[in-house]
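Commentary on secondary and tertiary structure
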Amino acid sequence: MSQKLVVGNWKMFGSRAMAAELLQLLRDANLPSVVCPPYPYLLMAADLLAGSAVKVGAQDLEYRDEGAYTGEVSGPMLRDVGCSHVIVGHSERRALYGENDALVVEKVRAALRHGLTPVVCVGEHLEQRQRGLAKRVVLDQLNAVINGIGAESFARVLVAYEPVWAIGSGVAATLDDVAEMHVAMRAALRDANCDGVALLYGGSVKPDNAGQLLSLHAVDGVLVGGASLVADSFLRICSAAK
Ligand code: PGA
């Protein structure tokens with residue numbers, strides 16, 4: 001099996017001491033992956049991980065490059081501190097901070113403009129799945145970005161399918177559900193001439209289910225939240241991705 005991608009999203013967890021310890025362990029293990037700590041720890045992460053197989057990403061960005069936008073962090077700043085990736089449109093941003101597809105498109109554009117690889121998150125809510133709308137919701141989110149930035153640019157994007165009901169719930173989507181959605185996304189990408197784009201799965205990925213998820217042909221990697229905060233768990237997932 002070829003190397004698959006593992007992205008760790010720490011969300012708003014950690015401290016300077018915790019970050020230093022965890023990052024050191026990741027550097028020592030040197031397994032290919034991307035870690036996305038909170039903003040204050042990005043510089044430390046990039047310094048500690050420089051030259052290793054572990055890359056650094058942010059969890060969000062502002063789409064404008066600079067200006068009077070109190071509290072925001074821009075693409076050029078993320079590049080400046082050593083980030084190579086940035087998560088865009090995570091369901092927590094969409095649900096809690098009102099991010100819509102139009103804003104997600106602006107952020108993806110900004111990331112690409114500054115040489116950052118966006119990890120674009122898409123996913124349906126439980127109620128949407130129960131009403132049989134899961135594929136429509138996910139493909140609409142995906143197509144909004146493809147249409148917004150164009151197929152050529154979209155080739156530089158990573159997509160993470162994260163069913164909202166699986167995030168932080170401890171219950172990942174079934175292998176069948178993941179495979180079915182990934183096949184539908186792949187078909188949509190093919191229709192849009194974006195064949196080579198990597199499709200990750202996220203939502204309660206743990207060491208004990210990562211192997212099976214990563215063995216799915218349709219899954220090119222995983223986006224890991226809670227389990228990325230524990231070195232042993234994250235490293236076991238990274239090992240499964242080899
Ligand atoms: P989880 O989070 O692994 O804790 O479910 C995934 C995510 O939100 O990216």
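Our structure's up above, just so we're on the same page.
Just so you know, these numbers come straight off a predicted model, no measurement behind them.

Regarding the nonpolar core
By size, the foremost hydrophobic cluster in this structure holds 70 residues, and its most contacted members are Leu78, Val108, Leu142, Phe154, Val159, Met185 and Tyr201. Looking at this core element by element, the count peaks at seven residues for helix 7 (residues 134-149). Setting aside anything within four residues of it in sequence, one finds Phe154 in contact with Leu142, Val145, Ile146, Ile149, Val159, Leu189, Cys194 and Val197. Listed in part, the 11 residues of the second largest apolar core include Val7, Val34, Cys36 and Ala198.

Some thoughts on the state of the cysteines
This structure, assessed with the given rule, holds zero disulfides. The thiol sulfur of Cys36 is not disulfide-bonded, and the nearest other cysteine sulfur, from Cys83, lies at 8.0 Å. Owing to a relative accessible area of 0%, Cys36 belongs among the buried residues under this scheme. Not engaged in a disulfide, the cysteine Cys121 finds its nearest cysteine sulfur in Cys36; these two sulfurs lie 9.3 Å apart. Note on Cys121: relative accessible area 2%, which makes it buried.

Focus: the packing of aromatic side chains
Applying the stated criterion across every chain yields a total of one aromatic pair. One cation-aromatic arrangement involves Arg93 over Tyr97; the distance from NZ or CZ to the ring centre is 4.1 Å.

Comments concerning the pairing of strand 8 (residues 221-224)
Residues of strand 8 alternate between two faces, with Gly221 and Leu223 on one and Val222 and Val224 on the opposite face, all of them buried. Two strands pair when backbone bridges link them, and strand 7 (residues 199-202) and strand 8 are joined in this way by three bridges, in the parallel orientation. Considered in strand 8, the bridge of Leu200 is made with Gly221. The parallel pair strand 7 and strand 8, bridged by helix 10 (residues 207-215), forms a crossover whose chirality is right-handed.

A short note on the site of the ligand
The environment of the ligand is made up of 13 residues, and the closest members are Lys11, His90, Glu162, Gly168 and Ser204. Here an oxygen atom of the ligand sits 2.6 Å away from a polar atom, N or O, in the main chain of Gly168. One nitrogen or oxygen atom from the main chain of Gly226 is found 2.9 Å from an oxygen atom belonging to the ligand. Considering the ligand on its own, with 290 Å² of exposed area, one finds that the protein chains cover 97% of that surface. Across the shell around the ligand, the residue classes break down as four nonpolar, seven polar and two charged.

Analysis parameters
- Residues numbered from 1 in each chain as written.
- Predicted model: local features only at pLDDT ≥ 70, side-chain atom pairs only at ≥ 80, totals over all residues.
- Heavy atoms only, no water.
- Core = buried A, V, L, I, M, F, W, Y, C linked by side-chain atoms within 4.5 Å.
- Buried < 20%, exposed > 50% of the residue type's maximum accessible area, 1.4 Å probe, protein only.
- Helix = DSSP H or I, 4+ residues; strand = E, 2+ residues; numbered from the N terminus.
- Contact = heavy atoms within 4.5 Å.
- Disulfide = S-S within 2.5 Å.
- Phe/Tyr/Trp six-rings, centres within 6.5 Å; stacked < 30°, edge-to-face > 60°.
- Lys NZ or Arg CZ within 6 Å of the ring centre and 35° of its normal.
- Pairing = 2+ DSSP bridges.
- Right-handed = clockwise from strand over helix to strand, strands pointing away.
- Near = heavy atom within 4 Å.
- Polar contact = N/O pair within 3.5 Å; in protein donor to acceptor, adjacent residues only side chain to side chain.
- Areas by Shrake-Rupley, 256 points an atom, 1.4 Å probe, with all protein chains shown as cover.
- Nonpolar A, V, L, I, M, F, W, Y, C, P; charged D, E, K, R; others polar.

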